[in-house]
Amino acid sequence: MSMRIRTSALTALTVAALAAGTVLTAPAAGAAPKAAAPKFLSASQLPPHPTSSWTAGPVTEGFPEELGFCVSTEGVLDYDYRHRTFRTDLDTSAVQLTVVTGTAAQAKALAKHYDDLIRTCADRIEESSPDVEAEGRDYGTLPVEEGARVRGLHTETSWGATDIALLSVGQDGRTVTVVEWGQMGDFDDAPVAAFKKTTTTAVNKLY
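Residues numbered from 1 in each chain as written. Predicted model: local features only at pLDDT ≥ 70, side-chain atom pairs only at ≥ 80, totals over all residues. Heavy atoms only, no water.

Engineer: A description of helix H2 (residues 104–119) should follow, citing residues and the corresponding values.
Structural biologist: When the terminal C-alpha atoms of H2 are compared, their 22 Å separation across 16 residues agrees well with the 22 Å that a helix rising 1.5 Å per residue should span. Among the residues making up H2, those that are buried are Gln106, Ala107, Leu110, Ala111, His113, Tyr114, Asp115, Leu117 and Ile118. As for H2, its buried residues are in contact with strand S3 (80–87), strand S4 (93–100), helix H3 (121–128), strand S6 (148–157), strand S7 (162–172) and strand S8 (175–184). (Helix = DSSP H or I, 4+ residues; strand = E, 2+ residues; numbered from the N terminus. Expected span 1.5 Å × (residues − 1). Buried < 20%, exposed > 50% of the residue type's maximum accessible area, 1.4 Å probe, protein only. Contact = heavy atoms within 4.5 Å.)

Printed below as a string of structure tokens:
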């Protein structure tokens with residue numbers, strides 16, 4: 001979902017994020033040993049905008065509220081969350097999340113959990129918001145590190161707001177990254193090939 005979606009549409013859809021009930025379990029172990037922090041995308045590595053350049057915000061601790069629409073921390077262990085937001089001068093925005101887990105197995109489970117949330121997001125939107133029509137698309141997997149998958153999400157409200165988002169989940173060792181790009185528009189406006197390149201770069205760049 002476009003992080004700069006029209007306010008009325010976002011208000012109607014925010015409750016969808018609360019519908020994800022999957023719980024990931026893991027042994028009650030101590031904190032994972034500290035390692036080098038994963039690196040983030042730079043502004044120039046986002047899908048090019050035809051009329052505006054990207055601006056990158058600072059890397060920030062915590063889970064980004066921009067991802068709380070389809071992806072959330074509900075039912076997930078208290079991992080090391082960091083994120084970075086991006087914007088253009090127009091209606092296009094993006095965000096990258098990195099999550100450092102305790103083991104590669106935990107990261108694999110978390111990546112599947114996040115991908116499942118994205119895969120089912122359109123259904124949850126329609127169940128919670130009768131005034132919104134939503135459609136998800138699967139753009140397939142990418143052969144990078146432990147793997148990545150790209151999906152698309154389009155929403156249209158009864159009052160005419162239409163938004164398109166591309167979302168991806170990738171894994172490198174015990175770290176998971178989620179990237180979301182969004183703007184007003186539909187599937188025809190989605191730069192899928194460029195976003196796949198961005199996702200590959202994001203996973204490769206972690207370490």
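Engineer: Tell me what's going on with H3, and back it up with residues and numbers.
Structural biologist: Residues of H3 that are buried: Cys121, Ala122, Arg124 and Ile125. Buried residues along H3 cover an arc of 165° about the axis, so they all sit on one side. (Arc of directions from axis to C-beta.)

Engineer: How would you explain the packing of aromatic side chains if you had to name every residue and give the values?
Structural biologist: By the definition in use, this model includes one aromatic pair. With 5.6 Å between their ring centres and 80° between their planes, Phe63 and Tyr81 make a pair best called edge-to-face. In this pair, Phe63 sits in the loop between strand S2 (60–61) and S3 while Tyr81 sits in strand S3, placing the two residues 18 residues apart along the sequence. Overall, Phe63 belongs to the partly exposed group, its relative accessible area being 23%. Positioned over the ring face of Phe187 is Arg137, at 3.8 Å from the centre of the ring. (Phe/Tyr/Trp six-rings, centres within 6.5 Å; stacked < 30°, edge-to-face > 60°. Lys NZ or Arg CZ within 6 Å of the ring centre and 35° of its normal.)

Engineer: Give me the state of the cysteines: which residues, what numbers.
Structural biologist: Following the criterion strictly, the structure yields one disulfide and no others. Paired by a disulfide, Cys70 and Cys121 hold their sulfur atoms 1.9 Å apart. Taking the sign of the torsion about the S-S bond as the criterion, the disulfide between Cys70 and Cys121, at about -80°, is left-handed. In this pair, Cys70 is assigned in the loop between S2 and S3 and Cys121 in helix H3, connecting sequence segments 51 residues apart. In this structure, Cys70 and Cys121 share a single accessibility class: buried. (Disulfide = S-S within 2.5 Å.)

Engineer: With reference to specific residues and values, describe the pairing of S3.
Structural biologist: Here two bridges tie strand S1 (residues 55–56) to S3, and the two strands are oriented antiparallel to one another. When the bridges of S3 are listed, Thr55 appears paired with Arg87. Pairing of S2 with S3, which is carried by two bridges, proceeds in the antiparallel orientation. Directly across from Thr60, in S3, lies its bridge partner His83. In the sheet, S3 pairs with S4 via eight bridges, with the strands oriented antiparallel. Of the residues in S4, the one forming a bridge with Arg84 is Gln96. The antiparallel pairing of S3 with S4 creates a hairpin that spans five residues between the two strands. (Pairing = 2+ DSSP bridges.)

Nothing here speaks to function; it is all geometry.
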